[in-house]
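Coordinate analysis (summary)
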Amino acid sequence: VVYVMNVTDIDDKIILRARRNYLLDQYRREVEGDLERVLNDGRAALRLALEKQQGVVSASMEAFAGESEPKRKEELEVVIKQESLKLE
């Protein structure tokens, strides 16, 4: 048995973290002292995240409604409950 690890998975995480830190630093410089802008940006981001999550729940509910296999319906029911919790 040979164990092989994909090094690019680690590289991707490092690159993603560096990019996220860069963007955060850039945003901090742009909004320095402008609390109102930070609050508005946060509200807008939350609104978009909720809309996206509602789309996930809706798509899962549609799949559930169209599914005839009992096992798959059970799986989708769990997914719907889990994804709906993210909206609370």
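Quick look at the structure, then. Every value quoted in this text rests on a predicted model; they were computed, and no experiment measured them.

The rules behind these values
The residue numbers shown here count from 1 along each chain, following its written sequence. Selection of residues for local features in this predicted model requires a pLDDT of at least 70, selection of side-chain atom pairs for listing and counting requires 80 or more, and totals for whole chains, interfaces and linings are taken over all residues. Side-chain calculation: all heavy atoms of the structure are included, whereas hydrogens and water are not. What counts as a helix is a DSSP run of H or I of at least four residues, what counts as a strand is a run of E of at least two, and both are numbered from the N terminus. Helices are assigned an expected span. That span is 1.5 Å times one less than the residue count. Each residue is assigned to one of three classes by its accessible area relative to the maximum for its type, calculated with a 1.4 Å probe on protein chains only: buried under 20%, partly exposed between the two thresholds, exposed over 50%. Here, residues are in contact when the closest pair of their heavy atoms is within 4.5 Å. Residues qualify for a patch when their relative accessible area is over 30% and they have no salt bridge, like charges being joined within 9 Å and the nonpolar side chains of Val, Leu, Ile, Met, Phe, Trp and Tyr within 5 Å. Computed with the Shrake-Rupley method and a 1.4 Å probe, the accessible areas treat only the protein chains shown as cover for residues. Here, a salt bridge means any side-chain nitrogen of Lys or Arg that lies within 4 Å of a carboxyl oxygen of Asp or Glu. Any N or O atom pair separated by 3.5 Å or less is treated as a polar contact, with the protein-specific requirement of one donor-capable and one acceptor-capable atom, and with residues adjacent in sequence counted only for side-chain atom pairs.

With 32 residues, helix 2 (residues 35-66) extends 47 Å between its outermost C-alpha atoms, agreeing within 8% with the 46 Å of an ideal straight helix rising 1.5 Å per residue. Taken together, the buried positions of helix 2 are occupied by Gln53, Val57 and Ser60. In this structure, the buried side of helix 2 is in contact with helix 3 (70-85).

Before going further, it helps to examine a nonpolar patch on the surface. Nonpolar side chains collect at one region of the surface, where Leu35, Val38 and Leu39 lie side by side and expose about 250 Å² of accessible area between them. Mapped onto the elements of the fold, Leu35 is located in helix 2.

Let us now look at the side chain of Gln53. Counting through the fold element by element, Gln53 comes out in helix 2. With a relative accessible area of 13%, Gln53 lands in the buried category. A distance of 2.5 Å separates a polar atom in the side chain of Gln53 from a polar atom in the side chain of Glu83. When neighbours within four sequence positions are excluded, Gln53 is seen to be in contact with Glu83, Lys86 and Leu87.

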